[in-house]
Amino acid sequence: MKISVITPTVGQRNVNLDILILSLSAFLREGDEHIVVWDTPTFPDKLTGGTYTRHFCYQEEGSIFGNAQRDYAMKLATGDCLVWCDDDDLLTKTAIDILHELPAEPDKAHVFTMLYPGAMVVLVAGAENYKPGFMGGPQLVVPNVSTLPHWMDKNVYSADWHFMKECATRFQMEFHKEVLVLVRPFEKYLPHTVTSIP
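Now for a look at the structure at hand. What you are looking at is a predicted structure, and each value in this text was computed from that prediction instead of being measured. (Residues numbered from 1 in each chain as written. Predicted model: local features only at pLDDT ≥ 70, side-chain atom pairs only at ≥ 80, totals over all residues. Heavy atoms only, no water.)

Quick notes on the side chain of Lys108
- Note on placement: Lys108 falls in strand E6 (residues 108–115).
- What makes Lys108 buried here is its relative accessible area of 15%.
- Side chain to side chain, Lys108 and Glu174 meet in a polar contact 3.0 Å long.
- Once residues lying within four places of it in the same chain are set aside, the contact partners of Lys108 are Pro143, Phe171, Gln172 and Glu174. (Helix = DSSP H or I, 4+ residues; strand = E, 2+ residues; numbered from the N terminus. Buried < 20%, exposed > 50% of the residue type's maximum accessible area, 1.4 Å probe, protein only. Polar contact = N/O pair within 3.5 Å; in protein donor to acceptor, adjacent residues only side chain to side chain. Contact = heavy atoms within 4.5 Å.)

Put into structure tokens, the structure is as follows:
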């Protein structure tokens, strides 16, 4: 399965974003892509690298940052599935390898585990748990189909829950125990090479 990783960025986390781009270059494969959407018309030249990374700018008057950029990136994505990763998080090679081996199925989404600071692991199976406080948007991997809901929401903190709940009504959900995303892990991982990320 070919993967499109989507990252909105405010352009204020250059070191973190650089690490994310470098790590994805180490374990994405041919046909995959990493779409970074900025909310500013310019971005540092040093961040334009990355074997699979493409940079775009999208600004929308009155929109909530992040949501509009995710919606814009969804229109650009060419992969079989969409993976969400913020500019201060990291994806794991283990989960990406699992996705590569899965067949592309337009009626199936996948839910992985998230690892928060302090080693709090969140894995929830059950539609009743698609509500704020129980799951995070980056746990969800969705097929790249035209019927996806939008990320737009009046409250930036509940937008991912609404997106996930809507997806849960449209797709069959398959749950995986493996960690897909490491949330704000940079103090832990900065001393190590990006290829050591599990």
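Remarks on the side chain of His176
- Structurally, His176 can be placed in strand E9 (residues 172–183).
- Within polar-contact distance, the side chain of His176 engages the side chain of His110 at 2.9 Å.

With respect to the pattern of salt bridges
- Applying the stated criterion across every chain, the model contains 9 salt bridges.
- Its salt-bridge partner being Asp86, residue Arg70 comes within 2.9 Å of it at the nearest N-O pair. On the criterion of sequence distance, the pair formed by Arg70 in helix H2 (residues 67–76) and Asp86 in the loop between strand E4 (81–84) and strand E5 (89–91) is long-range, its members being 16 residues apart.
- Overall, the relative accessible area of 12% leaves Arg70 in the buried class.
- Linking Lys108 and Glu105 is a salt bridge whose minimum nitrogen-to-oxygen distance equals 3.5 Å. (Salt bridge = Lys/Arg side-chain N within 4 Å of Asp/Glu carboxyl O.)

Details of the environment of Pro149
- You can see Pro149 is positioned in the loop between strand E8 (140–143) and helix H4 (159–170).
- For Pro149 and His162, which are 13 residues apart along the polypeptide, the C-alpha to C-alpha distance reads 9.1 Å.

Observations regarding the pairing of strand E2 (residues 33–38)
- Counting buried residues along E2, 6 of its 6 residues qualify, which places the element largely inside the surrounding structure.
- The two faces of E2 match: Glu33, Ile35 and Val37 on one face and His34, Val36 and Trp38 on the other face are all buried.
- The sheet contact formed by strand E1 (residues 3–9) and E2 spans 6 bridges and is parallel. Paired with Ser4 across the bridge in E2 is Glu33.
- By the bridge criterion, 5 bridges tie E2 to strand E3 (residues 53–57) in an arrangement that is parallel. Bridge pairing in E3 links His34 to Thr53. (Pairing = 2+ DSSP bridges.)

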